[in-house]
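A structural walkthrough
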Amino acid sequence: MPNVLRRLRRTPALRELVRETVVRPSDLIYPIFVGEGLSDRQPIESMPGQFRHPVAGLPLLVKHLHEVGVKSVLLFGIPSSKNERASGATTKNGVVQQAIKAMKDAEPSLVVMTDVCICAYTPSGHCGVLRGNEIDNDSTLPLLSAMAVSHAEAGADLVAPSSMMDSQVAAIRCALMQSGMDETAIMGYSAKFASGFYGPFREAADSAPSFGDRASYQHDPANGRHARREILQDVEEGADILMVKPGLSYLDILREARELSDLPLAVYSVSGEYSMIKAAANCGWLDEKRIVLETLTAFKRAGADLIISYFAPEAALWLNES
Ligand code: PBG
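A brief report on the enclosed structure follows.

What counts, and at which threshold
Residues numbered from 1 in each chain as written. Predicted model: local features only at pLDDT ≥ 70, side-chain atom pairs only at ≥ 80, totals over all residues. Heavy atoms only, no water. Helix = DSSP H or I, 4+ residues; strand = E, 2+ residues; numbered from the N terminus. Buried < 20%, exposed > 50% of the residue type's maximum accessible area, 1.4 Å probe, protein only. Pairing = 2+ DSSP bridges. Salt bridge = Lys/Arg side-chain N within 4 Å of Asp/Glu carboxyl O.

**Looking at unusual backbone geometry**
For the peptide bond that leads from Lys 245 to Pro 246, omega is -10 degrees, which places it in the cis range. With respect to the element layout, Pro 246 can be found in the loop between strand S10 (241–245) and helix H9 (251–260). The phi angle at Ala 86 is positive, at roughly 55 degrees, despite the residue not being glycine. For Ala 86, the location among the structural elements is in the loop between strand S4 (72–78) and helix H3 (87–90). Take Ala 86: its relative accessible area is 0%, and that puts it in the buried class.

**Observations concerning the pairing of strand S12 (residues 306–309)**
In S12, alternate side chains face the same way, and those of Leu 306 and Ile 308 on one face and Ile 307 and Ser 309 on the other are all buried. In terms of strand pairing, strand S1 (residues 28–35) meets S12 through two bridges, oriented parallel. Paired with Leu 28 across the bridge in S12 is Ile 307. Sheet analysis places strand S11 (residues 265–269) next to S12, joined by four bridges and oriented parallel. Residue pairing for S12: Tyr 268 is matched across the bridge by Ile 308.

**Quick word on the pattern of salt bridges**
Using the criterion set out here, one finds 13 salt bridges in the structure. In this structure, Lys 63 and Glu 67 form a salt bridge, with 3.5 Å as the shortest nitrogen-oxygen distance. With a gap of four residues between them, Lys 63 and Glu 67 both fall in helix H2 (residues 58–68), about one helical turn apart. Accessibility assignment for this pair places Lys 63 and Glu 67 in one class, exposed. Each of Arg 24, Asp 27 and Lys 300 takes part in a single network of salt bridges with overlapping partners.

Here it is as structure tokens:
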């Protein structure tokens, strides 16, 4: 007798009863760009609906996120000036440090995560310190550590090193402990691929490399086994949460990460994924709400617990409707 699969698909209530994957607004993490010295929010051209925010605009944004049920944010800073030492990244009064305080003051329950990488803070736009035209992995680690400690001291709940230097999680964990900030969690960008999908972000954060590319420190998109090694290494180095990035093109890696470790797992659905959907939706070629909810569901089905998405506030509204 062949199985009859349609019986449980017959009505909305039956389908809901047997639904395996549910996305909640509280699963979502909203990435926010904060620009130093801005008086108004600036639209990001390649990401319609996204903005570079002034610190003073954050309380209102936080209020909105709270209302729709998004409880976590990931902050990216855009300093007003750059230098080789990336001093804007580590200074007590840096743009991210100010933003953390403004957001925590506005809503103490908000989970504030911060990006730890120097690409937006140096003229080269690379994620590590340069020696000639090469990235100097090991001399980047103290800078990342100082940045992480400074974010933790400003009140960040979690730091997320995206620079992709080897041993960055171990170095940051050690620095946090030494500074007495052992309650601050680390989300490892465990499997971050050298992806064309980061294009719009680099416009948003003004962080495109001035020469070359990031292929020497981000993963080759062709390599799944390599990503697995990196994931295991982040677990060993003391990451509290793992992450796979980008999302849509790397669902196989996400599934593998889920099976490799019991740590909470995040996926970062990156700028290019947002822009693709927005562009097609703005042309009337795709049903935006349907596509966004379908992709978020796919991330969870593949194994993600948390989803970093520029659609977070909109998606939360849609999720609350249903
Ligand atoms: C910084 C960083 C990038 C992203 C997150 N952190 C850009 C890059 O690596 O070039 C990309 C996020 C996105 O595209 O939404 N190192």
